[in-house]
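Chain and residue survey
The chain contents come next:
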Amino acid sequence: MSSQTLTIETETAGSLAQEVAARSGQNLNACYQCRRCAAGCPVGDDTGVTPDRLIRMVLLGDREAALNNLLVWQCVACYTCGTRCPNNIHTARITETLKQMVKEQHLEPMTPKVAYFHNAFLTSTSHFGRLNEMEFMGIYEIKNAQNELKKGGGIKAIIVELKNQMQLGKEMMKLKRMHFSIDKIKGLAEIKRLFAKAKK
Ligand code: SF4
Ligand code: SF4
């Protein structure tokens, strides 16, 4: 568990909590810090932040801590915390909300690769209603390469990475885990409406 001291932002505490509660649909104020969620979170130890701690950051209005912690990016949305919570608080919806807030505010994500993965997944799903592996890998790899270049990474390392990914793609195709065809779901219009509504 993180031993980082949280800051109480008295002026903004209410507004941050209200925004996160409204966008995530979770009643954060019901959290009484029993930590039942913390005991079951599979990534709490690695990220140094457990679900109860994240909720505390938001309730205290510590925007900096709430938007800059590894749980936001490494939450695997297993929903264990929510099923254990006596107050039915699903932290996965809170981490999702905080991810969106980081993106909207153009802040640097703590784990860029997870952010690119997330973006690529949502972009491809919004086009076809399901994941298209070719499009997904394309978006993800381009974003990674751009980031490496921005950081001053060598072009050679980028080419090696792209070659490795192409090799992986070929092997996945052999195993029929990846294909060139474009499959769209029947209710695509409905999915597009959901994405448009979520964006609003
Ligand atoms: S289980 Fe629910 S009430 Fe208890 S600390 Fe976690 S979020 Fe808060
Ligand atoms: S949904 Fe996220 S925060 Fe909740 S237990 Fe799973 S990994 Fe932890």
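Everything in this summary refers to the structure shown in the same document. Remember, it's a predicted structure, so these values are computed and weren't measured experimentally.

Calculation notes
- Residues numbered from 1 in each chain as written.
- Chains lettered and ligands numbered in written order.
- Predicted model: local features only at pLDDT ≥ 70, side-chain atom pairs only at ≥ 80, totals over all residues.
- Heavy atoms only, no water.
- Near = heavy atom within 4 Å.
- 1 Å grid on protein atoms, 1.4 Å probe; cavity = no way out; pocket = protein on both sides within 12 Å on 5 of 7 lines; lining within 4 Å.
- Sits in = over half its atoms within 2 Å of the grid points.
- Nonpolar A, V, L, I, M, F, W, Y, C, P; charged D, E, K, R; others polar.
- Phe/Tyr/Trp six-rings, centres within 6.5 Å; stacked < 30°, edge-to-face > 60°.
- Helix = DSSP H or I, 4+ residues; strand = E, 2+ residues; numbered from the N terminus.
- Buried < 20%, exposed > 50% of the residue type's maximum accessible area, 1.4 Å probe, protein only.
- Salt bridge = Lys/Arg side-chain N within 4 Å of Asp/Glu carboxyl O.
- Points joined across faces, edges and corners; volume = space filled by probe spheres on them.
- Domains from an automatic or database assignment.

Quick notes on the site of ligand 2
- As a matter of local geometry, ligand 2 sits amid C41, P42, V43, P51, C75, V76, A77, C78, Y79, T80, C81 and A92.
- A molecule is said to occupy a pocket when more than half its atoms come within 2 Å of that pocket's grid points, and by this definition ligand 2 occupies the second largest cavity.
- Here the residues of the shell around ligand 2 sort into eleven nonpolar, one polar and no charged.

Considering the site of ligand 1
- Taken together, the neighbourhood of ligand 1 is formed by 13 residues, with C31, C34, R35, C37 and C85 sitting nearest.
- More than half of the atoms belonging to ligand 1 lie within 2 Å of the grid points that define the largest cavity.

Considering the packing of aromatic side chains
- Scanning all chains against the criterion turns up three aromatic pairs.
- Judged by centre distance (4.9 Å) and plane angle (80°), the rings of F117 and F136 are edge-to-face. Here F117, found in helix α9 (residues 112-128), pairs with F136, found in helix α10 (residues 133-150); they are 19 residues apart in sequence, far enough to count as distant.
- The buried category is assigned to F136, whose relative accessible area is 10%.
- Here the aromatic rings of F136 and Y140 are separated by 6.2 Å at their centres, their planes lie at 10°, and the arrangement is stacked. Of this pair, F136 and Y140 are both found in helix α10, four residues apart, which corresponds to roughly one turn of the helix. For the pair formed by F136 and Y140, the shared burial category is buried.

Some details on the pattern of salt bridges
- Inspection of every chain in the model, using the stated rule, returns seven salt bridges.
- For R23, the salt bridge goes to E19, with nearest N and O atoms at 3.2 Å. Here R23 pairs with E19, and both are found in helix α1 (residues 13-24), just four residues apart, close to one helical turn.
- By relative accessible area, which is 38% here, R23 ends up partly exposed.

Examining the layout of surface pockets
- If you add up the space inside the largest pocket, you get close to 740 Å³.
- Residue lining of the largest pocket: 17 residues in total, with E96, Q100, L122, A198 and K199 positioned closest to the centre.
- Of all the secondary-structure elements, those providing two or more residues to the lining of the largest pocket are α1, α8 (91-104), α9 and α12 (188-199).
- At six residues, α8 tops the list of elements feeding residues into the lining of the largest pocket.
- When residues of the lining of the largest pocket are assigned to domains, at least three map to each of domain 1 (13-104) and domain 2 (112-199).
- Considered as a void within the structure, the second largest pocket measures approximately 320 Å³ in volume.
- Contributing to the lining of the second largest pocket are 14 residues, with L107, E108, P109, Y116 and K143 lying nearest its centre.
- Per-element tally for the lining of the second largest pocket: the top contributor is α10, with four residues.
- Classifying every residue of the lining of the second largest pocket by side-chain character gives six nonpolar, four polar and four charged.
- Both domains that furnish three or more residues to the lining of the second largest pocket are identified here as domain 1 (13-104) and domain 2 (112-199).

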